[in-house]
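Remarks on the overall topology
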Amino acid sequence: MKNPWGKKNPFMSMWLSGANAVAGAARGRVAAEAKRQASTAVSKSARQMTEAWTSALTGKPAPKRRRRKSTR
């Protein structure tokens, strides 16, 4: 006698295929967002390091003077 649990179920197969497609799409979106965030973090830290080094080497710039308003 054959084992009934070993028999293929076409409905289960279709359901699993659909679930796998949804999971693949979600996984792709999560990976893309993680890559965007990592890229943003790297560029932000590089910009901050560049600003820190340039300000350390050049010193603080003189504050800009404000123009007086005429009282006429």
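Before reading on, note that the structure itself is shown above.
Owing to the predicted nature of the structure, the values given are computational and were not obtained by experimental measurement.

The rules behind each value
Residues numbered from 1 in each chain as written. Predicted model: local features only at pLDDT ≥ 70, side-chain atom pairs only at ≥ 80, totals over all residues. Heavy atoms only, no water. Helix = DSSP H or I, 4+ residues; strand = E, 2+ residues; numbered from the N terminus. Rg over C-alpha atoms; globule rule 2.2 N^0.38 Å. Buried < 20%, exposed > 50% of the residue type's maximum accessible area, 1.4 Å probe, protein only.

Further remarks concern the overall build of the chain. Helices and strands together make up the secondary structure of the chain, namely one helix and zero strands. The C-alpha atoms of the chain give 31 Å as radius of gyration, which overshoots the globular expectation for 72 residues (11 Å, by more than 25%). In terms of its C-alpha atoms, the chain occupies a principal-axis envelope of roughly 105 × 40 × 10 Å. Counting over 72 residues, the chain shows a buried share of 0%.

Now for the environment of Arg 47. As for its position among the elements, Arg 47 is in helix H1 (residues 10–58). Given a relative accessible area of 48%, Arg 47 falls into the partly exposed group. Each C-alpha atom of the pair Arg 47 and Gln 37 lies 15 Å from the other, and the pair is 10 residues apart in sequence.

It is worth spelling out the environment of Pro 10 at this point. By secondary structure assignment, the location of Pro 10 is in helix H1. Given the relative accessible area of 53%, Pro 10 is considered exposed. With 47 residues separating them in the primary sequence, Pro 10 and Leu 57 have C-alpha atoms 70 Å apart.

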